Amino acid sequence: MKRLFLTAACLVLTAAAPPPMQGERLEAGATYFVLKMDGQENGRLWRVLRKTELNGRRVWDIVLHLKLVGREVREHYVVDRASLLPIMMDGTRGRDRSDRNWERIRLRYDARRIWGTRESSSGSKRISVALNGPTWDGHLLGVMLAALPLAEGGRYTLPTWQYDGGKKQITAEVVGDIVASYDGKPAWLVEAGDDPSDRVRYEIARSPRAERGYKEDLHAPGCVTIWETSEAVLHVSRLETGR
């Protein structure tokens, strides 16, 4: 197995009890999602989960590559394989430095703080955020939900932080279960967000446990659903806003 030889601070457990993550149950592999808005394809996300080791520690190596109309984002995360607590991240927004919206983000995490830099065409900004307990990266929310011990009526709290959104207290609740249209297998419906009036509904396959897609704007007047094609591609759909 190829290993990552990188330097990182080890996470130290704190007195705060984290949610009982079960990250080892996730499967390695690549997933493609299609984003639809108002019934039209608006972008694609390619996500890869790979098992590896970092300084002898079992980790997930996660790559996200998002392509939207006029926008491109690449992010690379290394997280603890069992707890999914983040260890390091680097990412870029924009194709290259000539893009006026170009950014480069480099982060390191431990139990007490997050630190790093955020560069843009206008300069560089240092990041230093104090933590008071286990904190997950909010950009990996779908992966985190898949690692929770989901059960009927389950409710979970996830303290998160995002470099473009700050700290958030995410509440996730199992609101039902379905037979997923994409493969005919059982899946949990999980609503999650930091605002009860503005939550995202995720479909989480039961076995193997994995995020299969989500819907936003749950209170919008019209919607599209997660849909399938003959390709081996999974899709993310967004509710139509009715605008």
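Rules used throughout
- Residues numbered from 1 in each chain as written.
- Predicted model: local features only at pLDDT ≥ 70, side-chain atom pairs only at ≥ 80, totals over all residues.
- Heavy atoms only, no water.
- Helix = DSSP H or I, 4+ residues; strand = E, 2+ residues; numbered from the N terminus.
- Buried < 20%, exposed > 50% of the residue type's maximum accessible area, 1.4 Å probe, protein only.
- Contact = heavy atoms within 4.5 Å.
- Areas by Shrake-Rupley, 256 points an atom, 1.4 Å probe, with all protein chains shown as cover.
- 1 Å grid on protein atoms, 1.4 Å probe; cavity = no way out; pocket = protein on both sides within 12 Å on 5 of 7 lines; lining within 4 Å.
- Points joined across faces, edges and corners; volume = space filled by probe spheres on them.
- Nonpolar A, V, L, I, M, F, W, Y, C, P; charged D, E, K, R; others polar.
- Pairing = 2+ DSSP bridges.
- Salt bridge = Lys/Arg side-chain N within 4 Å of Asp/Glu carboxyl O.
- Core = buried A, V, L, I, M, F, W, Y, C linked by side-chain atoms within 4.5 Å.
- Polar contact = N/O pair within 3.5 Å; in protein donor to acceptor, adjacent residues only side chain to side chain.

All right, on to the overall build of the protein chain then. When helices and strands are counted, the protein chain shows one helix and 15 strands. Considering the protein chain as a whole, with its 243 residues, one finds that 47% of them fall into the buried category. For the protein chain, restricting intrachain contacts to residue pairs at least 6 apart in sequence, the fraction spanning at least 24 positions comes to 39%. Roughly 12,600 Å² of accessible area belongs to the protein chain as shown, and the carbon and sulfur atoms make up 48% of that amount.

Relative to the elements of secondary structure, glycine 142 occurs in helix α1 (residues 141-147). On the accessibility criterion, glycine 142 (7% relative accessible area) is buried.

Of the voids in this model, the largest pocket is the one considered here, and its volume is about 1,200 Å³. For the largest pocket, the lining is made up of 41 residues, of which Gly138, His139, Tyr202, Tyr214 and Glu216 are closest to its centre. For the lining of the largest pocket, a count of residues per class yields 19 nonpolar, eight polar and 14 charged. Around the second largest pocket, the lining is made up of 16 residues, and of these Glu27, Thr31, Arg209, Ala210 and Arg212 lie nearest the centre. Mapped onto the lining of the second largest pocket, the elements with two or more residues apiece are β1 (29-37), β2 (40-54), α1 and β14 (210-215). Considering only residue class, the lining of the second largest pocket consists of eight nonpolar, three polar and five charged.

Attention now moves to the pairing of strand β10 (residues 155-162). Examined bridge by bridge, strand β9 (residues 136-137) and β10 share two bridges and lie parallel to one another. Bridged to aspartate 137 within β10 is tryptophan 161. Taken together, the eight bridges between β10 and strand β11 (residues 166-179) define a ladder with antiparallel strand orientation. Looking across to β11, one finds that tyrosine 156 is bridged to alanine 172.

Here the focus is the environment of glutamate 191. The residue glutamate 191 is located in strand β12 (residues 186-193) in this model. A relative accessible area of 11% means that glutamate 191 is categorised as buried. Each C-alpha atom, one on glutamate 191 and one on glutamate 203, is 8.9 Å from the other, the two residues being 12 residues apart in sequence.

What follows concerns the pattern of salt bridges. Pairs may arise between side chains of opposite charge once their charged atoms sit close together. Tallying each qualifying case throughout the model produces 12 salt bridges. Residues glutamate 191 and arginine 199 are paired through a salt bridge, measuring 3.0 Å at the closest nitrogen-oxygen approach. Arginine 199 shares its class with glutamate 191; the two are buried. Beyond isolated ion pairs, a larger network of salt bridges with shared partners links Arg155, Glu173, Glu191, Arg199 and Arg201.

A few words on the nonpolar core. Ranked by internal contacts, the top residues of the largest apolar core, which has 44 residues, are Leu84, Leu107 and Leu145. Considering every element that reaches this core, the biggest residue donor is α1, with six residues. Ranked by size, the runner-up nonpolar core spans five residues in total, among them Leu54, Val59, Val78 and Met88.

On to the sheet that holds β12. With mixed pairing, the six strands of this open sheet are ordered in space as β9-β10-β11-β12-β13-β14. Of all strands in the sheet, those bounded by a partner on one side alone are β9 and β14. Note that strand β13 (residues 200-205) and β14 share five bridges and pair antiparallel. Opposite glutamate 203, over in β14, you have glycine 213 as the bridge partner.

Turning to the side chain of threonine 135, a few remarks are in order. Examined against the element boundaries, threonine 135 turns out to sit in the loop between β8 (123-130) and β9. One polar contact links the side chain of threonine 135 to the main-chain carbonyl oxygen of glycine 133, over a distance of 3.0 Å. Discounting chain neighbours no more than four positions away, the residues touching threonine 135 are Leu85, Pro86, Pro159, Thr160 and Trp161.

The next point concerns the environment of leucine 64. By the element assignment, leucine 64 lies in strand β3 (residues 57-68). Residue classification places leucine 64 among the buried residues on the basis of a relative accessible area of 11%. Placed 27 residues apart in sequence, leucine 64 and glycine 91 show a C-alpha to C-alpha distance of 9.1 Å. Here leucine 64 is in contact with Leu45, Trp46, Arg47, Val73, Arg74, Glu75, Tyr77, His139 and Leu140, once residues within four sequence places are set aside.

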